[in-house]
Amino acid sequence: MASVKLYTIIFVALAAITTVQFTLEIVLIEEAYWLTFGIVMGLSTIKTLAVAGWYMHMLEEPRAITYIAMAGVLGVIALTAGAAYSMT
Amino acid sequence: MADLPPRSSVKRWLVTTNHKDIGILYLITSIFFLVVAGVLALLIRLQMLESGGTILGGAEYNQVVTAHGLLMVFWFLSPFAFAFANYLVPLQIGAKDLAFPRLNAMSYWLYLFSGLALIASFFQGGTHEGGWTLYAPLNVPAFVPRVAEMGETTAVIGLVLFVTSVTLGSVNFLTTIYRMRAEGLRMRDIPLFSMSILLTVWMMLFAFAALLAATILLSSDHLLATQYFTDEHGGSMLWAHLFWFFGHPEVYIVFFPALGAMAEIIQTFSGRRLVGRKWFIIAMALVAVQSFIVWMHHMFLTSINLPIKTIFMVTTVGISLPFDLMVFALIYTMIKGRIRWKTPFLFALGALLIFILGGITGVFLGAVALDYQFRGSYWVVAHFHYVMASGAVALIGGLYYWYPKITGKMYNEFLGKVHFVFAFIGFNMLYFPMFLVWETPRRVFEFPEGFTLWHQVATAGAFLFAASFLIMFYNLFRSLYSDRTVDSSPWAYTGSAEWAIESPPPEGNFPGRPSFASGKLDFVSDPATDGGVEDGHAATDGGVAHASTGHDVHMDHASWWPLLVSLSGLLVAVGIGGIPASYVLWPFAFALPFFVAFLGIEGARQDGRARIHDLYVVLSVPFLLALLGGFHFHHGLVDGFAGANNTFYLTLVGAVLGAYTFAGIGYEKFNVPEPELTEAWPFENVTNTKLGMWTFLGSDIILFGALIGSMIFIRFQFGWTDWWPAAGYTDKAVWPGLVNTYVLLASSFTIVLAYVYAKRGSRRKTLAFLSLTFAGAAVFLVNKAYEWNELYINQGWTHTSDIMGSTYYLTTGLHAAHVIVGMLILLFLIARAYTGAYWSDDEDAHTVEYFGLYWHFVDIVWLFLFPLFYIL
């Protein structure tokens, strides 16, 4: 379990990243949709890793816990990517 | 186990959470569904006696075919295997029970009631008619006969209940096998049946989550009139992808336990250890992984592109290779051993032969060009019956094999062999002719006249196959009352732990703490708990061990709640299909204030009356009044209730009963102490509850991932950047999503702080941060309600306006439902923290952490909904 200070820093960082995502929607999406897409989804992934790693204490758990979650994520990617590609 | 009535009492079977009792309940119930589905099969074969049969009308034939498939695949095959899993896995790994006994009982009752819901659907105008695959668009109301709409919906909701049962069971078995193995029992050394169950529940955990996503979307199309599976931009293909992503692993989910049983039986009756045991296990694990990358071979005749067909042809051929290894391992074990031709062995061998034929004919279907010919023909019917029913045949062998262990009595060997002969001949008479007349079109009862003789042979085989089971029922029933008692093991060369204890096993399972630390199974009498016995080892080497039982701690309990919770699910399932769309959500809304009131009442009963309990009861009244006000606004209070039909009230009763029972099960004192001195690799430093929560979340990742993936899939077909411009709203603001992201992140922060201060023993701060988390969730919902009001009411953009509306409202709505569930749990946590829980006990504080895992997951889901539904 991390300190209250670290939890607070993570919260502030998560809120800041969210603000960046919102700002991108205003300033960049019209000019460069797919660049915005990549950055916004990448930032959501970073936020997810922060929540899972510190708030859910995944960093402190046995690595096998991470593998369970990763198995689920891989399943979703396989299903979504495979299904979407199959129709191209 | 003082609180469990004797087995002669009916009450015992209603309240039991003991794994052996639950196993027996699964066994009897799955055989009941076998008989129902078997009678439906005989009706199909009678219809097929000649082309254009007249026993059944067209619609009735379609319903019979569909229900036969659904009942056999879902309600017989897997549950039959899990009867043995429930009974045997704890015994084989040296555990006293499953990790979560109440959850296990709930799995069983949900299973039973889900099956009854499906059967009830026959009497609600007719059940589903589109085959067990429920292909779109024949699965949506627009393509269903109006008279059968309610029955169709009930069948789908029954499936949702069944998947819920399976998910609970998967979490339970995974936690048990990983965390509760006897000292010294390494993962690689667990018996092959338990190993097969472990791999099966891994597949179940992920595959059934995809089916749950599919059935939730389908339920929504039925109940709320969303447009997922009627959408012209790949709606039908979406169903096919979701269904077969589940459906192909399902083949191995059904077959793996049978494979494990076969391996155990062949080892015992060959008198030698399985040849290549390590490679056999690796091959099974490989198949479990590969099973998730072959699903599109069921879709070669759809509009998927040629490159993906080629890829999936290769993966399909690839998955047959590990099976070759397993089959050769079984054959070579028999060749190297001295076979004893007992009934269980005959069934195992018969199953292997049947499976080989089923497997080979399946490879034909994996080849794109051949599949173009065979798909939709009786080749497919014959092939999958050879595969699926081979699993059933192997498990019948398992029933004979473990019958003496479960009952303490030996069956009649002669009758067992007669059963095998009739069953084997009947099975092959039934299904082999289907290969010969494979050009018969599937799912219809018209075929060329030249095929008639072979179909009549198949029908005769069906009746012979069915009759053979009458011999089994007679044999097993009579043997129960015979004097052929058995001791620990009636078989020579058994190796797993269940054969080292008396038959049937005592309620505490073992005469001491099982331990493999010495390299063989011992039952240890721990000095710390039995009054100081120094040397309590009792060698077993096949016989019954007699060691002191002074250390036994009762961990099984009786509980009415699993039955009652599941009963509420049944009432909802059979009622909801008849409710008009505008009424559907109201029964669940009305259940919420009742839940709050029940929390107060049960809390006062269990924890002693406190102000928080009074507050809950008092607040539930204005909450209910507010909802009645909302109902009045929507339908008119008097007119609304007067105009609601009986199914509305049935669903309302089910929902309120659910509210009562969830409050009850939450407050029930039900301690299941985690055993010490167990093998828990690779989860040594996590508790059972935490591992259970994580495995559940693993499944939930697939569930929400599939829901989000469904939107992505349709949006791809639609044109990614054309998506929102084509939606029917005038202006959809980003800021509600932004605010809700801040709010949810803040609530994740506060729930972490609640855990921190619970660990530090601060009552005030624990309560404060739990309450702040609740407040954050409330703000989230208020903001969402404002946003939905703007879009839905003011701009007229509804969930039925277009596919964007369907995906937006349903996906964010299901997320909101998760938030509401979290708030209900928070109310429970707040009340318990108020009366002394969590902050006064360091271990107890982990309950807040476990809830936090769920809450953070809900947060993470939103982190992807925000960009996908608001920004991009």
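Residues numbered from 1 in each chain as written. Chains lettered and ligands numbered in written order. Predicted model: local features only at pLDDT ≥ 70, side-chain atom pairs only at ≥ 80, totals over all residues. Heavy atoms only, no water.

Here's the deal with the overall build of chain B
Regarding its fold elements, chain B presents 25 helices and four strands. The C-alpha atoms of chain B give 28 Å as radius of gyration, which agrees with the globular expectation for 872 residues (29 Å, within 12%). Along the first, second and third principal axes, the C-alpha set of chain B runs to 80 × 75 × 50 Å. Residue burial in chain B is summarised as follows: out of 872 residues, 64% are buried. Across chain B, contacts joining residues at least 24 apart in sequence account for 81% of those joining residues at least 6 apart. Accessible area for chain B stands at about 30,600 Å²; split by element, carbon and sulfur atoms hold 67% of it. (Helix = DSSP H or I, 4+ residues; strand = E, 2+ residues; numbered from the N terminus. Rg over C-alpha atoms; globule rule 2.2 N^0.38 Å. Buried < 20%, exposed > 50% of the residue type's maximum accessible area, 1.4 Å probe, protein only. Contact = heavy atoms within 4.5 Å. Areas by Shrake-Rupley, 256 points an atom, 1.4 Å probe, with all protein chains shown as cover.)

Overview of the overall build of chain A
Looking only at helices and strands, chain A features three helices and zero strands. What you see in chain A, going N to C, is helices and strands ordered as α-α-α. Compactness check: chain A gives a C-alpha radius of gyration of 16 Å against a globular reference of 12 Å for 88 residues, more than 25% above the reference. If you line up chain A on its principal axes, its C-alpha atoms span 45 × 35 × 10 Å. Residues classed as buried in chain A amount to 50% of the 88 residues present. Sequence-distant contacts in chain A: of pairs separated by 6 or more residues, those separated by 24 or more amount to 53%. Put simply, chain A shows about 4,200 Å² of open surface, and 77% of that area lies on carbon and sulfur atoms.

Focus: the domain arrangement of chain A
Domain annotation of chain A identifies domain 1 (1–57) and domain 2 (63–88). The centre of domain 1 of chain A, based on its C-alpha atoms, is set 22 Å off from the matching centre of domain 2 of chain A. (Domains from an automatic or database assignment.)

Here's the deal with the nonpolar core
All names here are of chain B. Phe-74, Trp-75, Phe-208, Phe-229 and Phe-280 are the most contacted members of the largest nonpolar core, which has 345 residues in total. Considering every element that reaches this core, the biggest residue donor is helix H6 (residues 192–223), with 24 residues. Apart from the residues within four sequence positions on either side, Phe-208 is in contact with Phe-74, Phe-162, Val-163, Val-166, Met-203, Phe-246, Glu-250 and Ile-253. (Core = buried A, V, L, I, M, F, W, Y, C linked by side-chain atoms within 4.5 Å.)

Examining the pattern of salt bridges
All names here are of chain B. By the definition in use, this model includes 16 salt bridges over all chains. When the shortest N-O distance is used, the salt bridge between Asp-21 and Arg-12 registers 2.7 Å. Arg-12 shares its class with Asp-21; the two are buried. Between Asp-371 and Arg-375 there is a salt bridge, with its nearest N and O atoms 2.8 Å apart. (Salt bridge = Lys/Arg side-chain N within 4 Å of Asp/Glu carboxyl O.)

Quick look at the side chain of Gln-795 of chain B
For Gln-795 of chain B, the location among the structural elements is in the loop between helix H23 (763–794) and helix H24 (803–834). The contacts of Gln-795 of chain B, once residues within four sequence positions are left out, are Gly-728, Tyr-729, Thr-730, Asp-731 and Glu-790 of chain B.

Concerning H23 of chain B
Residues and elements named next belong to chain B. For H23, spanning 32 residues, the distance from its first C-alpha to its last is 45 Å, which sits close to the expected 46 Å at 1.5 Å a residue. For H23, the set of buried residues is Thr-766, Leu-767, Phe-769, Leu-770, Thr-773, Gly-776, Ala-777, Phe-780, Asn-783, Lys-784, Glu-787 and Leu-791. Immediately beyond the C-terminal end of H23, within one or two residues, lies Gly-796, with a positive phi of roughly 70 degrees. (Expected span 1.5 Å × (residues − 1).)

Some remarks on the confidence of the model for chain B
For chain B, per-residue confidence averages 94 on the pLDDT scale, and residues scoring 70 or more make up 96% of the total. Counting interchain partners and residues more than four positions distant, the pLDDT-below-50 stretch residues 529–552 of chain B has 52 contacts. (pLDDT = per-residue confidence, 0-100.)

Section: the side chain of His-241 of chain B
By the secondary structure assignment, His-241 of chain B is in helix H7 (residues 235–270). For His-241 of chain B, a relative accessible area of 1% corresponds to the buried category. Of note is the side chain of His-241 of chain B, whose polar atom sits 3.1 Å from the side chain of Ser-86 of chain A. Other than its neighbours up to four places away in sequence, His-241 of chain B contacts Leu-79, Ala-83 and Ser-86 of chain A together with Trp-295, Met-296, Met-299, Ile-304 and Phe-713 of chain B. (Polar contact = N/O pair within 3.5 Å; in protein donor to acceptor, adjacent residues only side chain to side chain.)

What about the packing of aromatic side chains?
Residues and elements named next belong to chain B. Applying the stated rule across the entire model yields 107 aromatic pairs over all chains. Ring plane angle 65 degrees and centroid distance 5.9 Å describe the contact between Phe-269 and Tyr-401, whose orientation is recorded as edge-to-face. Of the two residues, Phe-269 is situated in helix H7 and Tyr-401 in helix H12 (residues 378–407); the sequence distance between them amounts to 132 residues. On the numbers, 6.4 Å between centres and 40 degrees between planes, the contact of Tyr-411 with Trp-491 is tilted. Here Tyr-411, found in the loop between H12 and helix H13 (413–436), pairs with Trp-491, found in the loop between helix H14 (452–480) and strand E2 (513–515); they are 80 residues apart in sequence, far enough to count as distant. The pair formed by Tyr-411 and Trp-491 is uniform in burial state, with each residue classed as buried. The ring centre of Trp-720 lies 4.0 Å from the NZ or CZ of Arg-715, which sits over that ring. Residue placement shows Lys-732 over the ring face of Trp-724; its charged tip is 4.8 Å from the ring centre. (Phe/Tyr/Trp six-rings, centres within 6.5 Å; stacked < 30°, edge-to-face > 60°. Lys NZ or Arg CZ within 6 Å of the ring centre and 35° of its normal.)

Details of the environment of His-241 of chain B
As for His-241 of chain B and His-298 of chain B, which are separated by 57 residues in sequence, their C-alpha atoms are 9.3 Å apart. At 3.1 Å, the side chain of His-241 of chain B forms a polar contact with the side chain of Trp-295 of chain B.

Quick notes on the interface of chain A and chain B
With 50 residues of chain A in contact, the opposing surface of chain B contributes 63 residues. Summed over both partners, the interface of chain A with chain B comes to about 4,900 Å²; 81% of that surface belongs to carbon and sulfur atoms. The tally of links between chain A and chain B comes to one salt bridge. The shortest N-O distance in the salt bridge between Glu-61 of chain A and Lys-690 of chain B comes to 2.6 Å. (Buried area = accessible area lost by both parts, 1.4 Å probe.)

Points about the domain arrangement of chain B
Residues and elements named next belong to chain B. When cut into domains, chain B gives domain 1 (17–480), domain 2 (574–669) and domain 3 (719–872). Its C-alpha centre places domain 1 at a distance of 39 Å from the equivalent point of domain 2. The contact between domain 1 and domain 2 buries some 890 Å² in all, and 72% of this surface belongs to carbon and sulfur atoms. Between Glu-668 and Arg-102 there is a salt bridge, with its nearest N and O atoms 2.6 Å apart. Inspection of the domain 1/domain 2 interface yields three residue pairs in polar contact (both at pLDDT 80 or more). Looking at the side of domain 1 that touches domain 2, the elements with two or more residues in it are helix H4 (101–121) and helix H5 (149–179). Looking at the side of domain 1 that touches domain 2, its residues break down into seven nonpolar, three polar and one charged. (Nonpolar A, V, L, I, M, F, W, Y, C, P; charged D, E, K, R; others polar.)

Some thoughts on helix H9 (residues 306–336) of chain B
Taking 1.5 Å per residue, 31 residues should reach 45 Å; H9 of chain B reaches 46 Å between its end C-alpha atoms and fits that length. With a side-chain oxygen lying 2.9 Å from the backbone nitrogen of Ile-308 of chain B, the N-terminal cap of H9 of chain B falls on Asn-305 of chain B.

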